[in-house]
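Inside the fold
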Amino acid sequence: MVEGKKSEHTENLGSHGGRASSWLAVTVMLVGFTVAGFGLVATSWTLIWVGAGVFVVGGILALVFDIFTDVVIDAPRVGMHAEDHR
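The paragraphs below set out a description of the structure included in this document. Everything numeric here is computed off the predicted structure, so don't read it as measured data.

The rules behind the values
Residues numbered from 1 in each chain as written. Predicted model: local features only at pLDDT ≥ 70, side-chain atom pairs only at ≥ 80, totals over all residues. Heavy atoms only, no water. Helix = DSSP H or I, 4+ residues; strand = E, 2+ residues; numbered from the N terminus. Buried < 20%, exposed > 50% of the residue type's maximum accessible area, 1.4 Å probe, protein only. Polar contact = N/O pair within 3.5 Å; in protein donor to acceptor, adjacent residues only side chain to side chain. Contact = heavy atoms within 4.5 Å. Expected span 1.5 Å × (residues − 1). Arc of directions from axis to C-beta.

**A few points about the side chain of Ser 22**
Looking at where Ser 22 falls in the secondary structure, it is placed in helix α2 (residues 20–41). Among the residues examined, Ser 22 registers a relative accessible area of 6% and is labelled buried. Of note is the side chain of Ser 22, whose polar atom sits 2.4 Å from the side chain of Asp 70.

Quick look at the structure:
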């Protein structure tokens, strides 16, 4: 493959970046996990439960936003050699 040119295999693969709504759901879950983790270290049951609640809200957002549809299944890479992966 010539460097800088796309083959017909790589032209239609799509992005693995995901949608902004999916990133929002993941960020809310990450914040909840972090708050609950800090609550564990600080031995604060209030922070633990607040973090757990925020995490659950993020999980609900993930279900509502259907984040699993962001997965892009690539076509099989038939005929590619190791030197094509540079």
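There is more to say after this.
**Quick look at unusual backbone geometry**
The bulk of non-glycine residues show a negative phi, and the bulk of peptide bonds are trans. Positioned with a positive phi, Thr 43 is a non-glycine residue whose angle comes to about 50°. Residue position: Thr 43 is located in the loop between α2 and α3 (45–65). By relative accessible area, Thr 43 is classed as exposed at 67%.

**Observations regarding the side chain of Asp 70**
Residue position: Asp 70 is located in the segment after α3. Within the structure, Asp 70 has its side chain in polar contact with the side chain of Arg 19 (distance 3.0 Å). Dropping the residues within four chain positions of it, Asp 70 is found in contact with Gly 18, Arg 19 and Ser 22.

**Notes on α3**
The end-to-end C-alpha distance of α3 is 30 Å, a good match for the 30 Å that 21 residues give at a rise of 1.5 Å each. Taken together, the buried positions of α3 are occupied by Ile 48, Gly 51, Gly 58 and Ala 62. Across the axial projection of α3, the buried residues extend over an arc of 85°, all falling on one side. In α3, the exposed positions angled more than 90 degrees off the buried face are occupied by Trp 45, Thr 46, Trp 49, Leu 63 and Val 64. For α3, the secondary structure elements touched by its buried residues are α2.

**Focus on α2**
Here α2 contains 22 residues, and its C-alpha end-to-end distance of 31 Å stays within 8% of the 32 Å for a straight helix at 1.5 Å per residue. Contacts made by the buried residues of α2 are with α3.

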